[in-house]
Amino acid sequence: MERLVERLEKAVERLESVCQGPGLCGDGSSKGVAQYVQAFDALLAGPVAEYIKISKEVGGDVQKHAEMVHAGLMSERALLVVASQHQQPAENAFSALLKPISEQIQVVQNFREKNRGSKLFNHLSAVSESIPALGWVAMAPKPGPYVKEMTDAAMFYTNRILKEYKDVDKKQVDWVKAYLSIWTELQAYIKEYHTTGLTWSKTGPVATEGAKAPSAAPAGAAPPPPGPPPPPAPVSSSTDDSASRSALFAQINRGEGITSGLRHVSDDMKTHKNPALKNQGGPVRSGPKPFTAPKPACNANPSQATSPKAPPLLELEGKKWRVENQENATNLVISDTELKQVAYVFKCTNSTLQIKGKINSITLDNCKKLGLVFDDVVGIVEIINSRDVKVQVMGKVPTISINKTDGCHVYLSKSSLDCEIVSAKSSEMNVLIPTEGGDFTEFPVPEQFKTVWNGQKLVTTVTEIAG
């Protein structure tokens, strides 16, 4: 971890040294720095500087994470400088220009995945869920709403921080305000200077991969040292998300041009106007197609498309049990547990896992048709980005979090009836309560709410759907 932080610090130093060089962060003319680059510098000097300052005061993982975020913002500034000096490039060249930003997004998210046992995990999660907002530069024609969407994703975790520290530690509350203000100010910045997408210069050469600001150097100066190799990508949902986002950046940036390659379908090719076509090519499938992972139209990293399937894994790494890529495994058991250990279950399909003893926390990530049975958890059981999972508590658990999950059944024990269940962006959730006879009574978790203004504040209540 120290090596990673050291490499990031060196990368930031190189970026800062470039931007301090004569003429390298301007528009290449005597007019100086482009107006929207100056406005971005103001954002860096304001909300970002405040966030960095408070993160240093909080220290630990939060400070390290903030340094990574700052490096990502510096990469974005470098792209803005390029855009202020060059005309918009072709799709493949733009994809190459976006690569430093997408790699830094991945670095930020990887840090969260490697530190799931951190006491400041909610801070790391808030940042990791919203850091893809840096990809607004490739989002046309609505970059502003995209940043808003990423900011909303962070709210689930920032609300946890506020709830935990509201009357305990004002510094943590200030950290939340400072961090969220970055994205609020960025939305205002985008609305003013890049309303429908990144603004490119109308003069100057067309941008190419070699036009990156970090690679430029003043005359007579030695070229900067080569950058460090990208860190190995761990197997995690956040990695998958960042990889797919970076792969889609260039494609989305085409805007209306994305439909230019579609072929016109004439009337004689439409089945509803030519019924004879329905019987050609075999029977027509009825009902919805089975769920499959979406394939991006273009891949910024071709090596990922041909990479072999990851092997199944069940091992103890430090204090973390890693259960990954298990398929059709119905007898997975973790028995030699300790209180300080955590379990991270990733991309397991049609399998069952039993965890015996008492551990700190359990996370189910990107799992499908998984059954989990555990004894006791002293922290939290978190279910994210999953489908059709069943979780049974044999002992006690204080909190169960369900986020971005469709289909989740939670079986509580008699000693865990005081469990707090927090859900967001999820559907088809049910909690099953044990009865005296040994059976379970099923209760659905509400998904629809009604909010009204009572004259002083918003009041939200559950909406009962009349059947």
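Above this note sits the structure.
Read on for an overview of the structure.

Procedures and definitions
- Residues numbered from 1 in each chain as written.
- Predicted model: local features only at pLDDT ≥ 70, side-chain atom pairs only at ≥ 80, totals over all residues.
- Heavy atoms only, no water.
- Helix = DSSP H or I, 4+ residues; strand = E, 2+ residues; numbered from the N terminus.
- Buried < 20%, exposed > 50% of the residue type's maximum accessible area, 1.4 Å probe, protein only.
- Contact = heavy atoms within 4.5 Å.
- Polar contact = N/O pair within 3.5 Å; in protein donor to acceptor, adjacent residues only side chain to side chain.
- Salt bridge = Lys/Arg side-chain N within 4 Å of Asp/Glu carboxyl O.
- Core = buried A, V, L, I, M, F, W, Y, C linked by side-chain atoms within 4.5 Å.
- Axes fitted to C-alpha atoms, helices over the stretch in contact; angles between N-to-C directions.
- Parallel < 35°, antiparallel > 145°, perpendicular 65-115°, else oblique.
- Nonpolar A, V, L, I, M, F, W, Y, C, P; charged D, E, K, R; others polar.
- Pairing = 2+ DSSP bridges.
- Phe/Tyr/Trp six-rings, centres within 6.5 Å; stacked < 30°, edge-to-face > 60°.

1. Some words on the overall build of the protein
Part 1 of the reasoning: Along the backbone of the protein there are nine helices and 16 strands.
Part 2 of the reasoning: Looking at the 467 residues of the protein, the share that counts as buried comes to 43%.
Part 3 of the reasoning: Excluding contacts between residues fewer than 6 apart, the proportion of contacts in the protein whose partners are at least 24 apart in sequence is 46%.

2. Description of the side chain of Ser201
Part 1 of the reasoning: Mapped onto the elements, Ser201 comes out in the loop between helix H7 (170-193) and helix H8 (237-252).
Part 2 of the reasoning: Within the structure, the side chain of Ser201 is placed 2.9 Å from the backbone oxygen of Thr203, a separation counted as a polar contact.
Part 3 of the reasoning: Not counting chain neighbours up to four residues away, the residues in contact with Ser201 comprise Ala83, Ser84, Gln85, His86 and Gln87.

3. Some details on the pattern of salt bridges
Any two side chains of opposite charge can pair, so long as their charged atoms come close to each other.
Part 1 of the reasoning: Under the definition given, this model contains 14 salt bridges.
Part 2 of the reasoning: Here Asp365 ties to Arg116 by a salt bridge, and the two come within 4.0 Å at their closest N and O atoms. With Asp365 in strand S6 (residues 361-365) and Arg116 in the loop between helix H4 (91-114) and helix H5 (121-130), this residue pair connects regions lying 249 residues apart in the sequence.
Part 3 of the reasoning: Given the relative accessible area of 0%, Asp365 is considered buried.

4. A closer look at the environment of Asp61
Part 1 of the reasoning: Within the element layout of this structure, Asp61 appears in helix H3 (residues 60-85).
Part 2 of the reasoning: Residues Asp61 and Leu120, spaced 59 residues apart in sequence, show a C-alpha to C-alpha distance of 7.1 Å.
Part 3 of the reasoning: Setting aside residues no more than four positions away along its own chain, Asp61 makes contact with Phe111, Asn115, Ser118 and Leu124.
Part 4 of the reasoning: Among the polar contacts made by the side chain of Asp61, one reaches the side chain of Ser118 at a distance of 2.8 Å.

5. With respect to the nonpolar core
Part 1 of the reasoning: The biggest cluster of nonpolar side chains holds 58 residues, and the ones touching the most others in it are Tyr51, Trp136, Trp175, Trp183, Leu186, Tyr189 and Leu198.
Part 2 of the reasoning: Of all elements in the fold, only helix H2 (35-58), H3, H4, H5, helix H6 (143-165) and H7 reach the threshold of two or more residues within this core.
Part 3 of the reasoning: Ranked by residue count, the leading element in this core is H3, at 11 residues.
Part 4 of the reasoning: If near-sequence neighbours (up to four positions away) are discounted, Leu186 is found in contact with Phe40, Leu43, Trp136 and Val147.
Part 5 of the reasoning: Ile334, Val381, Val393 and Cys419 belong to the second largest nonpolar core, which has 33 residues in total.

6. Things to note about the packing of H2 against H7
Part 1 of the reasoning: For the pair H2 and H7, the least separation of the axes is 8 Å and the interaxial angle reads 170 degrees. On the basis of the axis angle, H2 is roughly antiparallel to H7.
Part 2 of the reasoning: Class assignment for the residues of the contact of H2 with H7 results in 16 nonpolar, four polar and five charged.

7. Let's talk about the pairing of strand S10 (residues 399-403)
It is a general feature of regular strands that their side chains alternate between the two faces of the sheet.
Part 1 of the reasoning: With respect to burial, S10 is a largely interior element, five of its five residues being buried.
Part 2 of the reasoning: Pairing of strand S8 (residues 380-384) with S10, which is carried by five bridges, proceeds in the parallel orientation. Residue Glu382 lies in a different strand from S10, and its bridge partner there is Ser401.
Part 3 of the reasoning: Inspection of the sheet shows S10 paired to strand S12 (residues 420-424) by five bridges, in the parallel sense. Bridge pairing in S12 links Ile402 to Ser423.

8. Description of the pairing of strand S15 (residues 449-453)
Part 1 of the reasoning: Across five bridges, S15 lies against strand S16 (residues 458-462) in antiparallel orientation. Note that in S16 the partner of Thr451 across the bridge is Thr460.
Part 2 of the reasoning: Here S15 folds back onto S16 in antiparallel fashion, the turn holding four residues, of which Gly455 has a positive phi close to 105 degrees.

9. Details of unusual backbone geometry
Part 1 of the reasoning: Looking along the chain, the bond that leaves Ala140 and enters Pro141 is cis, with omega of 10 degrees.
Part 2 of the reasoning: With respect to the helices, strands and loops of the structure, Pro141 is situated in the loop between H5 and H6.
Part 3 of the reasoning: For Lys404, which is not glycine, the phi torsion reads 55 degrees and is therefore positive.
Part 4 of the reasoning: With respect to the helices, strands and loops of the structure, Lys404 is situated in the loop between S10 and strand S11 (406-411).

10. Regarding the packing of aromatic side chains
Part 1 of the reasoning: Under the criterion given, the structure shown has 11 aromatic pairs.
Part 2 of the reasoning: Residues Phe156 and Tyr157 carry aromatic rings whose centres are separated by 5.0 Å and whose planes lie at 90 degrees to one another, so their mutual orientation is edge-to-face. By the burial criterion, Phe156 is buried, and Tyr157 matches it.
Part 3 of the reasoning: Between Trp175 and Tyr179, the ring centres sit 5.6 Å apart and the planes meet at 5 degrees, which makes this aromatic pair stacked. In this pair, Trp175 and Tyr179 both sit in helix H7, four residues apart, roughly one turn of the helix. The residues Trp175 and Tyr179 share a single accessibility class, namely buried.
Part 4 of the reasoning: Taken together, the ring pairs in this structure connect Phe40, Trp136, Tyr189 and Tyr193 into an aromatic cluster.

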